[in-house]
Amino acid sequence: MRIDKGGISTFQFMFSIACFILASSLLTAFITSITKQDSWIVVIFGFLVGLLFIWIYMALMKNFPNKNLVEINDLVYGPMVGKIFSCIYVYFFLTLSSLNLKDLGDFIGAAIMPDTPTIVILISFMYICAWAVKSGIQVVTRYSMFFTLIALSIIIITIFLTLNHMDFNNFLPIFRQPTVKYVQGTHIITVIPFGELVVFLMITPNIKIPNKGIKKYFILGFLIGGIGMILVVLRDIAVLGNTITLFSLPSFETLRLTSVSATLSRMEVLFAVILIILYFFKICFLYYVTVLAISQIFKLDSYKNLVIGVGVIIIIYSFNVYSSIIQHIEYGSNITPFQWLIYEFLLPLITLIVAKIRKLPEELPLSQEEN
């Protein structure tokens with residue numbers, strides 16, 4: 001049963017994926033602290049490995065075109081076990097929402113509004129997100145193309161503005177680090193953010209694309225977001241060199257070095273603009289799939305009554321996910337990638353295998369499909 005009957009177009013779907021990836025492209029400290037000047041290589045490796053994750057997601061979308069992740073779990077595992085799997089994913093969605101909200105709150109509190117209590121920032125931001133989520137998937141994804149184009153434009157403009165600060169010797173030497181570093185970095189970038197695209201399995205019934213077209217637009221969105229991330233990492237390494245490992249927000253430090261003229265300096269404001277825009281989209285999307293999943297688990301007719309309550313939970317949870325940015329980077333580099341692998345790769349793969357073994361989906365009566 002579809003709780004939100006709104007639909008999204010091919011371009012909304014494609015740019016939503018790109019926007020979702022780009023929201024993580026400016027927070028690259030998870031890998032730069034490990035692979036240093038070779039981080040751009042790791043992003044490429046992660047992109048290629050991420051295609052395996054995307055193949056699994058697309059296979060589930062193709063096999064269950066009118067079902068979202070909660071409904072797929074119920075069909076594949078049965079109502080009881082399926083609900084357990086879906087509850088696990090609700091925890092994953094909630095955690096992702098809280099982590100991203102915490103990242104945004106920390107940045108705004110430290111760089112833009114240091115005298116404003118964090119709780120005020122988070123409540124104000126989540127109030128706007130709640131309005132978008134209540135309006136449905138069409139509103140949540142409506143401006144994804146606009147946000148993506150703004151982000152890519154700012155990335156390209158800042159590359160030109162930082163050319164005089166770039167030293168291409170910063171990319172040398174290449175492939176001089178232990179192999180385990182490249183494996184670790186590839187694992188991190190594959191899981192964060194490429195593997196997080198598993199959340200798009202929650203909106204499969206809302207995509208107004210012929211079943212055969214989903215693969216094309218999924219890959220295109222993945223490609224746009226991946227290229228944007230590679231450009232960001234290349235720019236930051238060229239400007240900062242190995243000092244990139246000293247910063248929790250390398251892109252912010254890169255733009256702090258940039259000025260167009262004596263009167264037009266402090267170009268890090270561009271970083272703030274792009275980060276807030278992209279995080280608004282990503283948090284709204286995660287917020288939406290969280291309330292949608294909870295509603296479907298409990299078979300509610302509408303998710304709108306849950307929006308405020310879940311928003312409060314996300315805010316409270318965000319104060320407890322980590323105590324400092326240093327701890328966040330440590331967890332993101334060494335612990336979170338192994339945890340996220342369960343939700344993003346292992347469980348979807350098991351679901352796909354079990355569905356193949358059980359020869360699902362079975363043909364449903366027309367009246368049931370319409371429901």
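Computed from a prediction, not measured in an experiment: that's the story for all the values here. (Residues numbered from 1 in each chain as written. Predicted model: local features only at pLDDT ≥ 70, side-chain atom pairs only at ≥ 80, totals over all residues. Heavy atoms only, no water.)

**Comments concerning the overall build of the protein chain**
No. 1: Each helix and strand in the protein chain was counted, giving 16 helices and zero strands.
No. 2: For 371 residues, the compact-globule estimate of 2.2 N^0.38 gives 21 Å, and the C-alpha radius of gyration of the protein chain, at 21 Å, lies within 12% of that figure.
No. 3: Seen along its three principal axes, the alpha-carbon backbone of the protein chain occupies a region of about 70 × 45 × 35 Å.
No. 4: Summed over all atoms, the accessible surface of the protein chain reaches about 16,300 Å², with 67% contributed by carbon and sulfur.
No. 5: The protein chain carries 24 positive and 19 negative side-chain charges, and their two centres are separated by 6 Å. (Helix = DSSP H or I, 4+ residues; strand = E, 2+ residues; numbered from the N terminus. Rg over C-alpha atoms; globule rule 2.2 N^0.38 Å. Areas by Shrake-Rupley, 256 points an atom, 1.4 Å probe, with all protein chains shown as cover. Lys, Arg positive; Asp, Glu negative; His and termini not counted. Charge placed at Lys NZ, Arg CZ, Asp CG, Glu CD.)

**Considerations on unusual backbone geometry**
No. 1: The residue after L172, namely P173, is reached through a cis peptide bond having omega -5°.
No. 2: Here P173 lies in the loop between α8 (144-161) and α9 (179-191).
No. 3: Cis geometry marks the peptide bond from I192 to P193, where omega comes out at 20°.
No. 4: Position of P193 among the secondary structure elements: in the loop between α9 and α10 (214-240).
No. 5: Its identity as a non-glycine residue notwithstanding, K299 has a phi of 55°, on the positive side.

**Quick notes on the side chain of T351**
No. 1: Looking at the secondary structure, you find T351 in helix α15 (residues 336-357).
No. 2: Reaching out from T351, the side chain makes a polar contact with the backbone oxygen of L347 at a distance of 2.8 Å.
No. 3: The residues contacting T351, other than those within four sequence positions of it, are L60, I72, N73, V76 and Y77. (Polar contact = N/O pair within 3.5 Å; in protein donor to acceptor, adjacent residues only side chain to side chain. Contact = heavy atoms within 4.5 Å.)

**Re the confidence of the model for the protein chain**
No. 1: The share of residues in the protein chain with pLDDT of 70 or more is 94%, and the mean pLDDT across the chain is 89.
No. 2: Counting interchain partners and residues more than four positions distant, the pLDDT-below-50 stretch residues 364-371 has four contacts. (pLDDT = per-residue confidence, 0-100.)

**Some remarks on the environment of L352**
No. 1: With respect to the helices and strands, L352 occurs in helix α15.
No. 2: The spatial distance from the C-alpha of L352 to the C-alpha of L69 is 12 Å, given a sequence separation of 283 residues.
No. 3: Excluding anything up to four places from it in sequence, L352 contacts W55, I56, A59, L60 and N63.

**So, α10**
No. 1: With 27 residues, α10 extends 39 Å from end C-alpha to end C-alpha; this agrees with the ideal 39 Å at 1.5 Å per step.
No. 2: Following α10 by one or two positions, G241 has its phi on the positive side, about 65°. (Expected span 1.5 Å × (residues − 1).)

**Here we look at the pattern of salt bridges**
Side chains bearing opposite charge may pair, as long as their charged atoms lie close to each other.
No. 1: Tallied over the entire structure, the rule returns four salt bridges.
No. 2: With its nearest N and O atoms 3.7 Å apart, the salt bridge here joins D106 to K102. Remark: K102 and D106 occur in helix α5 (residues 79-112); sequence separation between them is four residues, near one turn of the helix.
No. 3: Two residues, R235 and D236, come together in a salt bridge whose shortest N-O distance is 3.1 Å. With respect to class, R235 is no different from D236; both count as buried. (Salt bridge = Lys/Arg side-chain N within 4 Å of Asp/Glu carboxyl O. Buried < 20%, exposed > 50% of the residue type's maximum accessible area, 1.4 Å probe, protein only.)

**Quick word on the environment of L51**
No. 1: Note that L51 resides in helix α3 (residues 39-63).
No. 2: Judged by relative accessible area, L51 falls into the partly exposed class, the value being 33%.
No. 3: When the C-alpha atoms of L51 and T190 are compared, they prove to be 9.2 Å apart, with 139 residues separating the residues in sequence.
No. 4: Contacts of L51, omitting those with residues within four sequence positions, involve I219 and F222.

**Re a nonpolar patch on the surface**
No. 1: A grouping of I44, F45, L48, L51, L172, I174 and F175 is seen on the molecular surface, where their side chains present a nonpolar patch of about 590 Å² in accessible area.
No. 2: Checked against the element boundaries, I44 lands in helix α3. (Patch = residues over 30% accessible without salt bridge, like charges linked within 9 Å, V, L, I, M, F, W, Y side chains within 5 Å.)

**Topic: a positive patch on the surface**
No. 1: Residues K62, K212, K215 and K356 make up a contiguous surface patch of positive charge.
No. 2: As for its position among the elements, K215 is in helix α10.

**Considerations on the packing of aromatic side chains**
No. 1: This structure, assessed with the given rule, holds 26 aromatic pairs.
No. 2: Considering the side-chain rings of Y288 and Y303, the 5.6 Å spacing of their centres and the 85° angle between planes classify their relative orientation as edge-to-face. With Y288 in helix α12 (residues 268-297) and Y303 in the loop between α12 and α13 (307-318), this residue pair connects regions lying 15 residues apart in the sequence.
No. 3: Residue Y303 is classed as buried on the basis of its relative accessible area of 3%.
No. 4: Connected via pairs of aromatic rings, a cluster forms that spans F13, F20, F200, F218, F281 and F285.
No. 5: In this structure, K102 is placed above the aromatic ring of Y322, and the distance from its NZ or CZ to the ring centre is 5.7 Å. (Phe/Tyr/Trp six-rings, centres within 6.5 Å; stacked < 30°, edge-to-face > 60°. Lys NZ or Arg CZ within 6 Å of the ring centre and 35° of its normal.)

**Describing the state of the cysteines**
No. 1: Counted according to the given criterion, the structure contains zero disulfides.
No. 2: C19 forms no disulfide, and the closest cysteine sulfur to it belongs to C284, at a distance of 10 Å.
No. 3: Overall, C19 belongs to the buried group, its relative accessible area being 0%.
No. 4: Cysteine C129 shares no disulfide, and the gap to the nearest cysteine sulfur, in C284, comes to 3.5 Å. (Disulfide = S-S within 2.5 Å.)

**Re the side chain of S39**
No. 1: With respect to the element layout, S39 can be found in helix α3.
No. 2: Reaching out from S39, the side chain makes a polar contact with the side chain of T35 at a distance of 2.9 Å.
No. 3: When near neighbours in sequence (up to four residues on either side) are disregarded, S39 contacts I31, T32, V233 and I237.

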